[in-house]
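What follows is each chain in one-letter form.
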Amino acid sequence: MNSSGEGSCGLPFVSSPSVLLGHGGGGRLTQQLIQEVFRKQFTSTFLKNEHDSAVVPVEKGLIAFTTDTYVVRPIFFPGGDIGKLAIYGTVNDLAMAGARPHYISLGMILEEGFSLEFLQKITQSIQLAALKCEVEIVTGDTKVVERGKGDGIFINTSGLGSISHHLDIQPSRLQKGDAILVSGDLGRHGIAIMAAREGLEFETALESDCAPLSFMVMDLIESGIELHCLRDLTRGGLASALNEIASTAHCEIEVVEEQIPVHILVQGACEILGLDPLYVANEGRMVAFVPEIQALEALERMKRHAVGSGARLIGRVTSDPIHPGRVLIRSRIGILRVLDLLNGEQLPRIC
Ligand code: MG
């Protein structure tokens, strides 16, 4: 084989250790990539038809449909990788609508020269995450772009989920007095990524919180908690999520700084890096707005799940849904200030 990965007749050798342009060409190499990498992991019966669309059964009720694209750098980081993130992120978006996740589509943009070993590792990680969430990869697509025109691998996943309960979970459902619960300590994902990027070493390995929230959400719904709104705390962290919700709902929100859980290592890293943990990304945390009367019951339910074991009551909705949305935070010394949206991006390519 010559250095371009081509045999003497000009056709690429199959045993190339990295992605070739031909892998995205729709021909024999594409078939090989599908069979030897993807189909080895993804075993859904819906894939076996090898048709242009996956045809899947749906339950009665409503369907939730979401999509997200993952460009995280580095692609492997403490506690996860781009593949795991691409499944959990989309599963979590479905869960935030109160939907039970079922089906996932997987689109990959690979850069020529990307390691096939890495691709296999990521594919394996995707399948493990899908099994954990009880979702199936039912359709997918792969494109290859020329060397230098991508950054290794980008992934897009779309997800379908079903809603078979009566709840209408969205910001406009907020009520004055609603309790605001956060499912755990904040900022782990963002700091794990930053640490990997900057080569920071912590005394204890700090890992991303990357995890599926769907089982905890389903449990809350099944136990009769009248969820008003849910939001996973990804890019922009808690502060951005609260601002988005307050603005959509035209409500005022007040949170208490002392109640917001931040791990001491995350706090320390934020101080070194000049970041505010309330704006740092998470990949396995959410806020829940629940009727005041059910706050403690909801908290107790959340704590039964590993992803919710650090759940806390952090604040309340303090105005009726007609007042313009703003978020206030009561500091440790009792001073009330506005918790604003960030200008620009704190950490690019975090997910
Ligand atoms: Mg989301």
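Conventions and cut-offs
Residues numbered from 1 in each chain as written. Predicted model: local features only at pLDDT ≥ 70, side-chain atom pairs only at ≥ 80, totals over all residues. Heavy atoms only, no water. Helix = DSSP H or I, 4+ residues; strand = E, 2+ residues; numbered from the N terminus. Buried < 20%, exposed > 50% of the residue type's maximum accessible area, 1.4 Å probe, protein only. Areas by Shrake-Rupley, 256 points an atom, 1.4 Å probe, with all protein chains shown as cover. Core = buried A, V, L, I, M, F, W, Y, C linked by side-chain atoms within 4.5 Å. Domains from an automatic or database assignment. Contact = heavy atoms within 4.5 Å. Donors = N, O, S within 2.8 Å, 3.2 Å for Na, K, Ca; no water. Phe/Tyr/Trp six-rings, centres within 6.5 Å; stacked < 30°, edge-to-face > 60°. Lys NZ or Arg CZ within 6 Å of the ring centre and 35° of its normal. Buried area = accessible area lost by both parts, 1.4 Å probe. Salt bridge = Lys/Arg side-chain N within 4 Å of Asp/Glu carboxyl O. Polar contact = N/O pair within 3.5 Å; in protein donor to acceptor, adjacent residues only side chain to side chain. Nonpolar A, V, L, I, M, F, W, Y, C, P; charged D, E, K, R; others polar. Disulfide = S-S within 2.5 Å. Pairing = 2+ DSSP bridges. Axes fitted to C-alpha atoms, helices over the stretch in contact; angles between N-to-C directions. Expected span 1.5 Å × (residues − 1).

Peer 1: Report on the overall build of the protein, specifying residues and quantitative values.
Peer 2: Regarding its fold elements, the protein presents eight helices and 13 strands. Summarising its shape, the C-alpha atoms of the protein cover approximately 75 × 50 × 35 Å along the three principal directions. A buried classification covers 50% of the 351 residues belonging to the protein. Only carbon and sulfur atoms are counted for the fraction: they give 51% of the accessible area of the protein, which is about 16400 Å².

Peer 1: How would you summarise the nonpolar core if you had to cite specific residues and measurements?
Peer 2: Ile87, Met108, Leu110, Leu119, Ile126, Ile153 and Ile155 are the most contacted members of the largest nonpolar core, which totals 47 residues. Every element with two or more residues in this core is listed here: α1 (28-41), α2 (82-96), β4 (100-111), α3 (116-133), β5 (136-145), β6 (153-163), α4 (188-198) and α7 (264-273). Ranked by residues supplied to this core, first place goes to α3 with seven residues. Three or more residues apiece are contributed to this core by two domains, here domain 1 (2-163) and domain 2 (171-338). For Ile153, the contacting residues outside a window of four places in its chain are Ile75, Ile82, Met108, Ile109, Leu110, Phe114, Leu119 and Ile122. Core analysis: the second largest hydrophobic core is formed by 26 residues, Leu186, Val255, Ile260 and Leu278 among them.

Peer 1: Describe in detail the coordination of the magnesium ion, supporting the description with residues and values.
Peer 2: For the magnesium ion, the full set of protein donor atoms is Asp93 (OD) and Asp232 (OD), and the range of their distances to it is 2.1 to 2.2 Å. Taken together, the residues span a long stretch of sequence, with Asp93 in helix α2 and Asp232 in strand β8 (residues 229-232) at a distance of 139 residues.

Peer 1: Break down the packing of aromatic side chains for me, with residues and values.
Peer 2: With the rule as written, the count across this model stands at four aromatic pairs. Over the face of the ring belonging to Phe76 we find Lys121, whose NZ or CZ atom lies 4.5 Å from the ring centre.

Peer 1: Describe the domain arrangement of the protein, listing the residues and the values that go with them.
Peer 2: Many descriptions give the size of an interface as the accessible area lost when the pieces come together. By the assigned domains, the protein splits into domain 1 (2-163) and domain 2 (171-338). The distance between the C-alpha centroids of domain 1 and domain 2 comes to 30 Å. For the pair domain 1 and domain 2, the summed buried surface comes to about 1900 Å²; carbon and sulfur atoms form 66% of the total. The largest share of the area that domain 1 buries against domain 2 comes from Pro78, Asn92 and Met96, three residues that together contribute 30% of it. Our enumeration of links across domain 1 and domain 2 arrives at one salt bridge. Among the ionic pairs, Arg100 bridges to Glu222, the shortest N-O distance being 2.8 Å. Applying the counting rule to domain 1 against domain 2 returns six residue pairs in polar contact (both at pLDDT 80 or more). Examining the composition of the side of domain 1 that touches domain 2, we find that nine residues originate from one element, α2, more than from any other. Class assignment of the residues belonging to the side of domain 1 that touches domain 2 gives a composition of twelve nonpolar, four polar and six charged.

Peer 1: Outline the state of the cysteines, listing residues and values.
Peer 2: For the structure shown, the criterion picks out zero disulfides. With no disulfide partner, Cys133 has as its closest neighbouring cysteine sulfur the one in Cys210, 9.3 Å distant. Sulfur of Cys251: no disulfide; nearest cysteine sulfur belongs to Cys229 and is 10.0 Å away.

Peer 1: Describe unusual backbone geometry, listing the residues and the values that go with them.
Peer 2: Look at the link from Arg73 to Pro74: it is a cis peptide, with omega at 0 degrees. Position of Pro74 among the secondary structure elements: in the loop between β1 (62-70) and β2 (76-77). Phi is positive for Glu134, which is not a glycine, with a value near 60 degrees. Within the secondary structure, Glu134 sits in the loop between α3 and β5. Positive phi is not limited to glycine here, since His250 has a value of about 55 degrees. Along the chain, His250 turns up in the loop between α6 (237-249) and β9 (252-256).

Peer 1: With reference to specific residues and values, describe the sheet that holds β6.
Peer 2: Hydrogen bonds between backbone atoms are what pair the strands of a sheet, whose relative direction is either parallel or antiparallel. Sheet architecture is open: four strands sit in the order β1-β6-β4-β5, paired in mixed fashion. Two strands close off the open sheet at either side, each with one partner strand: β1 and β5. This sheet shows a mean twist of 15 degrees between the axes of neighbouring strands, independent of strand direction. In terms of strand pairing, β1 meets β6 through nine bridges, oriented antiparallel. Note that in β6 the partner of Ala64 across the bridge is Gly161. α2 rests against β1, β4, β5 and β6 of the sheet, and its axis sits at about 150 degrees to β1.

Peer 1: Please provide a residue-by-residue account of α2, values included.
Peer 2: The first and last C-alpha atoms of α2 sit 21 Å apart over 15 residues, in line with the 21 Å expected at 1.5 Å per residue. Measuring from the backbone nitrogen of Gly83 back to the side-chain oxygen at the start of α2 gives 2.8 Å, which picks out Asp81 as the cap. In the stretch just after α2, Gly98 is the one whose phi turns positive, near 75 degrees.

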